Amino acid sequence: MRRRHPSPPLTVVLLLVSALLLTWTIPAIGPALRLAGGDGRPGIFTARRLDCVRHPGHESCAWTGDFSSHDGVVRRTGVTFAGSDRATHRAGGRTGAIDVGLPNRVYGPDGSTEWIFTAFLFLAVLALLAFAIAPLAGAARRRLMVGRRVKRA
């Protein structure tokens, strides 16, 4: 039974999509690993404003505010507290948070499961790359084998 491989134009599209997805996932791997391990710079988040977006039948809210690390090294304004909603904080309220290195987001002291999506996306991109590159690798291997047979003859 002959294996089917993507056509050359589809291979190019798959490689371009993979490259685009890698530009999103590679910078997020470090923070995702820190988030998975609950590792980060501990500090205090001070809630300043509640930002909400309304969709038909649904409202999504998150608190934005300031973060200061306990050691005083990191001080940022305009960061979102991941996983927050309307009832999580009050303006001016302070709560423990960790900074995993993302420029606009901090997390609760218990971390988050957001890292799972980043890990899944990275693995999916690797699988997509393997699917797209497999025919190219097979063709290169066949050329090498033909070259070896010619030299022996």
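Residues numbered from 1 in each chain as written. Predicted model: local features only at pLDDT ≥ 70, side-chain atom pairs only at ≥ 80, totals over all residues. Heavy atoms only, no water.

(A) Just the sheet that holds strand E4 (residues 94-99), in detail. Overall, mixed pairing links the five strands, which are arranged E4-E1-E2-E3-E5 in an open sheet. Two strands bound the open sheet, and with one partner strand each, they are E4 and strand E5 (105-106). Looking at chain direction, strand E1 (residues 41-55) and E4 are connected through six bridges and run antiparallel. Looking at E4, one finds that Gly43 is bridged to Ala97. (Pairing = 2+ DSSP bridges. Helix = DSSP H or I, 4+ residues; strand = E, 2+ residues; numbered from the N terminus.)

(B) Looking closely at the nonpolar core. Within the largest apolar cluster, nine residues are counted, these being Phe45, Ala47, Trp63, Phe67, Val74, Val79, Phe81, Ala97 and Val106. When contributions to this core are tallied by element, the ones reaching two or more residues are E1, strand E2 (58-69) and strand E3 (75-81). Look past the residues within four positions of Phe81 in its chain and what remains in contact with it is Phe45, Trp63, His89, Thr95, Gly96, Ala97, Val106, Tyr107 and Gly108. (Core = buried A, V, L, I, M, F, W, Y, C linked by side-chain atoms within 4.5 Å. Buried < 20%, exposed > 50% of the residue type's maximum accessible area, 1.4 Å probe, protein only. Contact = heavy atoms within 4.5 Å.)

(C) Expanded view of the layout of surface pockets. Considering only enclosed or pocket space, the second largest pocket measures out at about 170 Å³ in volume. Lining the second largest pocket are 13 residues, with Ala28, Leu102, Tyr107, Glu114 and Thr118 positioned closest to its centre. Tallied by class, residues from the lining of the second largest pocket come to nine nonpolar, two polar and two charged. (1 Å grid on protein atoms, 1.4 Å probe; cavity = no way out; pocket = protein on both sides within 12 Å on 5 of 7 lines; lining within 4 Å. Points joined across faces, edges and corners; volume = space filled by probe spheres on them. Nonpolar A, V, L, I, M, F, W, Y, C, P; charged D, E, K, R; others polar.)

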